[in-house]
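Here's the letter readout for the chains.
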There are 2 protein chains.
Amino acid sequence: MIVSGRLGEGDLLGREPELVERFGVSRPSLREALRILEADGLITVLRGVHGGVIAHRPDQRMTARTGSLVLRARNVSLADAFEARALLEPLAVRAIAARRHRRTAIAELRALVDRQEETIEDLERFAVANARFHERLVALGGNRTLAVVVEMLNEIVVRSIAAVGDTGDGAGSPATRRLGLRSQRRLVELLEAGDPAAEGYWREHMTAVGRVMLGQEASRVVDLLVRDA
Amino acid sequence: MIVSGRLGEGDLLGREPELVERFGVSRPSLREALRILEADGLITVLRGVHGGVIAHRPDQRMTARTGSLVLRARNVSLADAFEARALLEPLAVRAIAARRHRRTAIAELRALVDRQEETIEDLERFAVANARFHERLVALGGNRTLAVVVEMLNEIVVRSIAAVGDTGDGAGSPATRRLGLRSQRRLVELLEAGDPAAEGYWREHMTAVGRVMLGQEASRVVDLLVRDA
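Residues numbered from 1 in each chain as written. Chains lettered and ligands numbered in written order. Predicted model: local features only at pLDDT ≥ 70, side-chain atom pairs only at ≥ 80, totals over all residues. Heavy atoms only, no water.

1. Concerning the pattern of salt bridges
Inclusion rule: What makes a salt bridge here is a side-chain nitrogen of Lys or Arg within 4 Å of a carboxyl oxygen of Asp or Glu, nothing more. In this description a helix means any DSSP run of H or I spanning at least four residues, a strand means any run of E spanning at least two, and both kinds are numbered starting from the N terminus. Burial here depends on accessible area, computed with a 1.4 Å probe over protein chains only, as a share of the maximum for the residue type. Under 20% is buried, over 50% is exposed, and the range in between is partly exposed.
The final tally for this structure, using the stated rule, is 40 salt bridges over all chains. Between B:Glu151 and A:Arg74 there is a salt bridge, with the nearest N and O atoms lying 2.7 Å from each other. One end of the pair, B:Glu151, is in helix 7 (residues 144-163); the other, A:Arg74, is in the loop between helix 3 (60-73) and helix 4 (78-98), on a second chain. Its relative accessible area of 14% is what places B:Glu151 among the buried residues. When its relative accessible area of 27% is taken as the criterion, A:Arg74 is described as partly exposed. Across the salt bridge formed by B:Arg185 and B:Asp114, the nearest N and O atoms sit 3.0 Å from each other. Of the two residues, B:Arg185 is situated in helix 8 (residues 174-192) and B:Asp114 in helix 5 (residues 103-118); the sequence distance between them amounts to 71 residues. Counted as one network, the salt bridges with shared partners bring together A:Arg94, A:Glu199, A:Arg203, B:Arg94, B:Glu199 and B:Arg203.

2. Structural notes on the sheet that holds strand 1 (residues 12-14) of chain B
Residue and element names in this part refer to chain B. Rules: Here, strands pair whenever DSSP counts at least two bridges between them. Here an axis means a line fitted to C-alpha atoms, over the contact stretch when the element is a helix, while the angle between two N-to-C directions is reported on a 0 to 180 degree scale. Note on contacts: a residue pair qualifies if any of its non-hydrogen atoms lie within 4.5 Å across the two residues.
Reading across the sheet, the three strands line up as 1-3-2 and stay open at both edges, with antiparallel pairing between neighbours. Since the sheet does not close on itself, it has two edges, and those belong to strand 1 and strand 2 (43-46), each with one partner. Within this sheet the neighbouring strands show an average axis-to-axis angle of 30°, counted without direction. Pairing of strand 2 with strand 3 (residues 52-55), which is carried by four bridges, proceeds in the antiparallel orientation. When the bridges of strand 3 are listed, Val45 appears paired with Val53. Set on the sheet, helix 2 (residues 27-39) makes contact with strand 2 and strand 3; between it and strand 2 the angle comes to about 125°.

3. Here's the deal with the sheet that holds strand 1 (residues 12-14) of chain A
All names here are of chain A. Judged by pairing direction, the sheet is antiparallel, and its three strands sit side by side in the order 1-3-2 without closing on themselves. The sheet is open, and its two borders are formed by strand 1 and strand 2 (43-46), each paired with just one other strand. On average, each strand axis in the sheet is tilted by 30° relative to the strand beside it, whichever way the strands run. Here helix 1 (residues 16-23) sits on the sheet and contacts strand 1 and strand 3 (52-55); the angle it forms with strand 1, its principal contact strand, is near 70°. Packed onto the sheet, helix 2 (residues 27-39) meets strand 2 and strand 3 and runs at close to 125° relative to strand 2.

Below is the structure:
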């Protein structure tokens, strides 16, 4: 129900006694099923008087969890995971640059750069605005599977960096952030002109960002600090 | 332990009473934990006299499961998932073509085409040899995260097609397969020559393969027929 979209994020599935009746299963069987769905991130079970089972739509937290388990099992480095991002985003850039009708996309991207500019002094809000730019850039490329993959990789990279407790902020100083925005504006111009060079330009930009963002953690193995199963 | 590689695929973790003692937990708590790990695909619990808990290394079955849940929740089509493959494999092709030392890679790819040629009349063996070619092609590209992503997408596409019970074999007739192998040989030649056209050539090939393979199922939503959570 959750997966096929009949239930939305945060919908109340019901309380335990109701669910036992509705699915015609025993209480222990229900609990076991709920535990598995909770481990998958598909539901949250709230205890207490106001308790109940809350549904979640599957999202990048879920794919990041399993993705990072596989990457970790193969000793894949953070630098490798970031390089994948630097390879994938330019595919969306190529698709946008080659498209005939792209004015709406360009206007949206420009607004998303402006939004980052406004929040440049506030690291937390800037991080949100910046993530939104990258997310929409890939979505505007048109392939939705690629968008899901990039969201997964972003989540893995950002959370892996957070997990090593690196306080050296990945987004750098306001000055570094300003340089980043200048690159984004240049990208938007190339996209607007339909310049095929946009793809290569963005690949180089992402590669440079990766070097700054990862710093000394580049060779560290991907790890979200999930349970050590 | 499984994830960090201290346990290999198929290793026996132990039997229930041993595990209760080893982790110092109650029997119901252990069972709950085992149920969750089993749902994740990290272990198999074998019942009976010769029973016990078997460890599995995390692999593409795991990422395909969560990936397909997210794709399905967003109503993403099989054609979209296949298009992502057609976008990603050429990235590996570009990397190989641009590399200075690529003789070993070329020799391996050539051997993998020969292997498919030998099995061309046997659909099952051909499918294995063909999957191996695509898997190694991406791995030889050098980015290991990308390899994990492509394995996930292959698993999703192949299992989604199997789930709709399509008996029209995706690999086509032996004649179609021969055409496919001809394209692969052409790709290997372009790679050997270090021709930058290899990337675009392979993108067009993959797009054409997608059309043949998906046929009427192209617009169907990704679905591995997992439990309807």
